Amino acid sequence: MKKDVDHSQESRQQVILVAPSLDITRNVGGVAAVAYVLKTKNETVDYHHFRQGLSDEQRQGWRRYLLTLLSFLRWLVFLSKHRKAVVHYNFPLSRNGILRDFWFIKVTRLLRRPMVVHLHGGLYLSEPNKPFPVKQMLKSVFSMKVPFIVLSEKEKRLLEEEYGEQQIHVLPNVVDTEDAARYERRNFEEQPLKVLYLGRIEKDKGMDYVLEAMKKLNERGTDCQLILAGREQGSHDYLRRFAEALGERFVYRGIVSGAEKEALLRECQVFLLPSFYEGLPMSLLETMSYGEVPVVTPVGSIGEVVEDRHNGLLVSLKDSDSIVSAIRQLSDDRQLMKTLSASARDTILRRFSTEEYMTHLNRLYQEAKTKKGNKI
């Protein structure tokens, strides 16, 4: 019997998963959420997690460069330890992510290790005016003959237009819908309307416009409450400003996970994300799976999931009045909210199957292994 077990283990696909901390009680980032789903749901793969990413404190000053250098040395050791593994490199196209991850990705290919590069949005996915070093680094990365994963057809078109035909595969993010599929929303008439923001609390997520919009809604007598869940980043002091401006109309829940997160997703009727740029946010997919109505900007791949007035409401970029109008519509017209809620839930349960996702991903791992020139 023991021999059978050993044989089964040896036949499983070995994959190095490069991602931030997978502790969902501490990390609210979308890359970490995707990686957590892979590690817990992809039952035919043995994942070896390499933690990549710094905390807010570690990003400051000289410590950042020292820790990145130490991480690079750990990466070389990690590759040597797991010689038979395909590398699944999660690559956010932000400035800091590119300047750091470029070196890790290139040395992996110099060592002829099979690799899949998984893109997760970021400013420099669609920004036409890239700084010269960033532009050259991305050009070098996208010249590699490895499978690339993007979150939507829109992202695939953007990359092909800028870097030419590549091995680009569209694989939208996936969420665990086991609990959501059992839940039937009934709180459409409850007052006040509960509006949820879930994720990193920072300027680029449109927090200034959320604050301005909520103040206007209060002034106009719309009965709604804003609930923020996640970790504040940066020096904008949003939590204090929201509390002072909104009083009892504002609640901060901190970082939520597990049963506490599921309860919060059931409690709120609306999900608000007026972000400046995105890939395909896990928070959007999670909240929609519970029937929360998304009020979002059509940035990144969001527009390929949310269709205005079909399964959510799209708002203009950097426009608090647009947010006010959308939330007032939902508050005043609960039947509209109920209709959009049902469509939002159906979109996720129908299109974002965990089983289909894992099947496609495992094929890409196999494809990466068979590429000419790999050493494994």
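Use the structure listed above.
Residues numbered from 1 in each chain as written. Predicted model: local features only at pLDDT ≥ 70, side-chain atom pairs only at ≥ 80, totals over all residues. Heavy atoms only, no water.

Quick look at the overall build of the chain now. Assigned secondary structure in the chain consists of 15 helices and 12 strands. On C-alpha atoms alone, the chain measures out to a radius of gyration of 21 Å, which is about the 21 Å that the 2.2 N^0.38 rule sets for 376 residues. In the chain, which comprises 376 residues, the share counted as buried stands at 50%. Here the analysis covers contacts within the chain between residues at least 6 apart in sequence; of these, 74% occur between residues at least 24 apart. (Helix = DSSP H or I, 4+ residues; strand = E, 2+ residues; numbered from the N terminus. Rg over C-alpha atoms; globule rule 2.2 N^0.38 Å. Buried < 20%, exposed > 50% of the residue type's maximum accessible area, 1.4 Å probe, protein only. Contact = heavy atoms within 4.5 Å.)

Moving on: the sheet that holds strand β7 (residues 193-198). A sheet is described by the order of its strands in space; here six strands give the open sequence β9-β8-β7-β10-β11-β12, paired in parallel fashion. Strands at the two margins of the open sheet, each flanked by one partner only, are β9 (250-252) and β12 (313-314). Each of β8 (224-229) and β9 touches helix α10 (residues 238-246); the most contacted strand, β9, lies at about 150° to it. Against the sheet, helix α13 (residues 320-332) engages β7, β10 (270-273), β11 (293-296) and β12, with an angle of about 135° to β7. (Pairing = 2+ DSSP bridges. Axes fitted to C-alpha atoms, helices over the stretch in contact; angles between N-to-C directions.)

The next thing to look at is the nonpolar core. Across soluble globular proteins, nonpolar side chains have a tendency to be buried as a group. Residues Leu38, Leu226, Phe242, Leu330 and Tyr365 are the most contacted members of the largest nonpolar core, which totals 84 residues. Here Phe242 is in contact with Met207, Val210, Leu211, Leu226, Leu228, Gly247 and Phe250, once residues within four sequence places are set aside. Judged by nonpolar contacts, the second largest core, of 33 residues, contains Val18, Val87, Met115 and Leu119. (Core = buried A, V, L, I, M, F, W, Y, C linked by side-chain atoms within 4.5 Å.)

Without other data, these values stay purely geometric and don't point to any function.
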